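A closer look at the structure
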Amino acid sequence: MSQKQGVAWRNRANKCLYEAIFCRTPPPYTPKNGYGKPFIQVWKCDVKKFFDSVNQETLLKILSLRIKDSTTLNLLKEVIASYTTITGKKVGMPIGNLTSQIFANIYLNELDRFVKHQLKPKAYVRYGDDFILIETDAEKLLSFRAKVTSFLNTELKLKVNPKSDKIMKVHNGLKLLGVQFWSSGRTLNKRNLSRTKEKLASSNVSSYSGLIKKHGNKKQIKHFNWLVYEKFIADL
C-alpha cells in the first residue's frame, strides 16, 4: 500500500490503529538521525455528533447508488426512518442494531474517496468518525482542512467537531482513540487507564486485558495483571 493511499481501518481484520498510522508514516525528524525533515504535520479531527447528524436523505441516496433491489431499499428506508433526533426532520441514524456501523462506513466512504482521489495527502486514516490527515507541508494541510470541512458541510451535511479540530507535529506525539502514539511505540493514556481501574468487572475483564496487552507498556500490563489478581483471585 502506497503512502498516498487513504483508507478506513475500522472493522478490517488485522488492521489495528498502530499499524494504520506508523507502518505508513516515516518517523519524525530528529537532530540525531536527520530523517524525515521537514517535520510531519497531522490534522486530527472528528465529526460533531455524527450519528445524530446524519442526513437520512443523503444516506438513502448513497445506498440507492449501490443497491438496485427495491425490496432491500424499502427495508433499509424503514430502518433509517424509524429514528430521528429532530422531530419532523429526517436527521439521525438508528444506533444499537447491526446496521449502524455499516451505514456509518458507507456514509463516510464518500469522505474517504474525496480525500484519497482529490486531496491525495501523504497519508489518511479514518476510524469510525475520527480521522487524521498527514502532510509535510503545513500550508497544504491547512488547505486540506478547509476543503474537508467544506465537503462535510455541503455534501454530507456534517460539521467538524471544534474541540478535536487540531493541527500538530508528530514529534510531539499523537493522542488518538485513547492511545498515545510515537514513531517508536505507543501507550494507553492516563484517562483510559483510570477508566479500566474503575470499570473493571468479570464481564469485561477479557476486553480490557486485550486492550492493555495490545497498547500498554510493560509497567501498565504488570499493573493490570495485579489489579485482576486483587479483584478476582486473591479472595478465592
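These remarks concern the structure in this document.

So, how was this worked out
- Residues numbered from 1 in each chain as written.
- Predicted model: local features only at pLDDT ≥ 70, side-chain atom pairs only at ≥ 80, totals over all residues.
- Heavy atoms only, no water.
- Axes fitted to C-alpha atoms, helices over the stretch in contact; angles between N-to-C directions.
- Helix = DSSP H or I, 4+ residues; strand = E, 2+ residues; numbered from the N terminus.
- Parallel < 35°, antiparallel > 145°, perpendicular 65-115°, else oblique.
- Left-handed = near helix turned anticlockwise from the far one by under 90°.
- Contact = heavy atoms within 4.5 Å.
- Nonpolar A, V, L, I, M, F, W, Y, C, P; charged D, E, K, R; others polar.
- Patch = residues over 30% accessible without salt bridge, like charges linked within 9 Å, V, L, I, M, F, W, Y side chains within 5 Å.
- Areas by Shrake-Rupley, 256 points an atom, 1.4 Å probe, with all protein chains shown as cover.
- Salt bridge = Lys/Arg side-chain N within 4 Å of Asp/Glu carboxyl O.
- Lys, Arg positive; Asp, Glu negative; His and termini not counted.
- Charge placed at Lys NZ, Arg CZ, Asp CG, Glu CD.
- Pairing = 2+ DSSP bridges.
- Buried < 20%, exposed > 50% of the residue type's maximum accessible area, 1.4 Å probe, protein only.
- 1 Å grid on protein atoms, 1.4 Å probe; cavity = no way out; pocket = protein on both sides within 12 Å on 5 of 7 lines; lining within 4 Å.
- Points joined across faces, edges and corners; volume = space filled by probe spheres on them.

1. Looking at the packing of helix α8 (residues 205-215) against helix α9 (residues 218-233)
- The interhelical angle for the contact between α8 and α9, taken along N-to-C directions, is 160°, at an axis separation of 9 Å. The orientation of α8 relative to α9 falls into the category roughly antiparallel. Here α8 and α9 pass one another in a crossing that is left-handed. Across the interface between the two elements, V205, Y208, S209, I212, K213 and H215 from α8 touch Q220, I221, F224, V228 and F232 from α9.
- A breakdown of the residues in the contact of α8 with α9 according to their chemical character gives seven nonpolar, three polar and one charged.

2. A word on a positive patch on the surface
- There is a patch of like positive charges on the surface, built from K48, K49, K159 and K163.
- Turning to its location among the elements, K159 is positioned in the loop between α6 (138-155) and β5 (166-169).

3. Structural notes on the sheet that holds strand β6 (residues 174-176)
- The strand order across the open sheet formed by three strands is β6-β7-β8, and the pairing between neighbours is antiparallel. Each edge of the open sheet carries a strand with a single partner, namely β6 and β8 (185-188). When the angles between neighbouring strand axes are averaged without regard to direction, this sheet yields 25°.
- Pairing analysis gives three bridges linking β6 to strand β7 (residues 179-182), with the strands arranged antiparallel. Note that in β7 the partner of K175 across the bridge is Q180.
- The strands touched by α8 are β7 and β8; relative to β8, the strand with the most contacts, the crossing angle is about 145°.

4. With respect to the pattern of salt bridges
- On inspection of all chains with the given rule, the structure shows four salt bridges.
- Salt-bridge contacts for E57 lead to K90; the nearest nitrogen and oxygen are separated by 3.9 Å. With E57 in helix α3 (residues 56-66) and K90 in the loop between α4 (70-81) and α5 (99-119), this residue pair connects regions lying 33 residues apart in the sequence.
- Taking the shortest distance from any N to any O, the salt bridge between D165 and R145 comes out at 3.0 Å. Linking D165 in the loop between α6 and β5 with R145 in helix α6, this pair joins segments that are 20 residues apart in sequence.
- Residue classification places R145 among the partly exposed positions, given a relative accessible area of 23%.

5. Description of the layout of surface pockets
- If you add up the space inside the largest pocket, you get close to 400 Å³.
- If you trace the largest pocket, you find 15 residues lining it, with K44, L177, G178, N189 and R191 closest to the centre.
- Going through the elements one at a time, β2 (41-46), β6 and α7 (190-199) are the ones with two or more residues in the lining of the largest pocket.
- The element that contributes the greatest number of residues to the lining of the largest pocket is α7, accounting for three residues.
- In the lining of the largest pocket, the residues fall into three nonpolar, four polar and eight charged.

6. A short note on the packing of α5 against α6
- Interhelical geometry of α5 versus α6 gives an angle of 145° and a closest axis separation of 11 Å. Between α5 and α6 the crossing geometry is right-handed. Every residue of α6 that contacts α5 at E110, L111, F114, V115 and L119 is listed here: F144, K147, V148, F151 and L152.
- Each residue belonging to the contact of α5 with α6 can be placed in one class, and the counts come to eight nonpolar, no polar and two charged.

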